[in-house]
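The residues making up each chain are set out below.
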Amino acid sequence: GQQLNQSPQSMFIQEGEDVSMNCTSSSIFNTWLWYKQDPGEGPVLLIALYKAGELTSNGRLTAQFGTTRKDSFLNISASIPSDVGIYFCAGLTYTSGTYKYIFGTGTRLKVLA
Amino acid sequence: SQTIHQWPATLVQPVGSPLSLECTVEGTSNPNLYWYRQAAGRGLQLLFYSVGIGQISSEVPQNLSASRPQDRQFILSSKKLLLSDSGFYLCACNPGTGGWRNQPQHFGDGTRLSIL
């Protein structure tokens, strides 16, 4: 089935540093979403992207919908300890009459104070 | 906006016992509902989705089943749990209407299931 390749798998960074992660696919998507999951909780939606080339910000987070519609990027500026968690990308598909999301494998972020 | 309730939050069950996890949604009508499983340190695996009452689609063959007895209720069940059923189970919802731009998926807080 469809898969999303998300990288890096994990990263350690110093507090205050900027973070970049990306998601690539062999398929075209009309929508990209980025989620953050804290331990023991469900993923929380951070940013939704609907148009190729779109750049959207949410506080210190900025995400871009790649122009080929096969990739997306998430940047976190000036990281803080509470940015720790797992970040997932997801691409929207429409199959058999319903909307489904294909999820990346996640980027585990650890911030060193 | 929609709110997704899942319970229980944590469950420990012996192998061979039955299972029933419940998910209810507030704040939206006729939603698409989904069950995902997340193994420790892993991504999300879609198990079932439903576009309406009584309509269930299974993504992967497994020991589990799902039912949707009401518009905003989604239940995950098993008659006999296996060790491999352990994991973090997440219910998710999107509006189901309004076109593809209106489909951001939101998640409940999950149920952590441990099989002994």
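Above: the structure in question.
All values derive from a computational prediction rather than experimental measurement. (Residues numbered from 1 in each chain as written. Chains lettered and ligands numbered in written order. Predicted model: local features only at pLDDT ≥ 70, side-chain atom pairs only at ≥ 80, totals over all residues. Heavy atoms only, no water.)

A look at the sheet that holds strand β7 (residues 65–70) of chain B
Residues and elements named next belong to chain B. The criterion, for reference: In this description, strands pair whenever DSSP reports at least two bridges between them. Secondary structure elements follow DSSP: runs of H or I no shorter than four residues count as helices, runs of E no shorter than two count as strands, and numbering proceeds from the N terminus. Convention adopted: a line fitted to C-alpha atoms gives each axis, helices being fitted over their contacting stretch, and angles between N-to-C directions are expressed from 0 to 180 degrees.
The sheet built from four strands is open, its strands ordered β1-β3-β8-β7 with antiparallel pairing. Each edge of the open sheet is held by one strand with a lone partner, namely β1 (3–7) and β7. Averaged over neighbouring strand pairs, the angle between their axes works out to 20° when direction is ignored. Where strand β3 (residues 19–26) and strand β8 (residues 73–78) come together, six bridges link them in antiparallel fashion.

Notes on the packing of aromatic side chains
How we decide: Any two of the Phe, Tyr and Trp rings considered here, Trp counted by its six-membered ring, make a pair once their centres fall within 6.5 Å; the pair's planes then place it as stacked at under 30 degrees, edge-to-face at over 60, or tilted in between. Only protein chains enter the accessibility calculation, which uses a 1.4 Å probe; a residue is then buried when its area is under 20% of its type maximum, exposed when over 50%, and partly exposed in between.
If you walk through the whole model with that rule in mind, you get nine aromatic pairs over all chains. Ring geometry for Tyr36(B) and Phe107(B): centres 5.5 Å apart, planes at 50°, overall tilted. Placement of the pair is Tyr36(B) in strand β4 (residues 32–38) and Phe107(B) in strand β10 (residues 106–107), with a sequence separation of 71 residues. Each member of the pair, Tyr36(B) together with Phe107(B), is buried. Through a chain of ring-to-ring contacts, three or more aromatic side chains come together here, namely Tyr35(A), Phe103(A), Tyr34(B), Tyr36(B), Tyr49(B) and Phe107(B).

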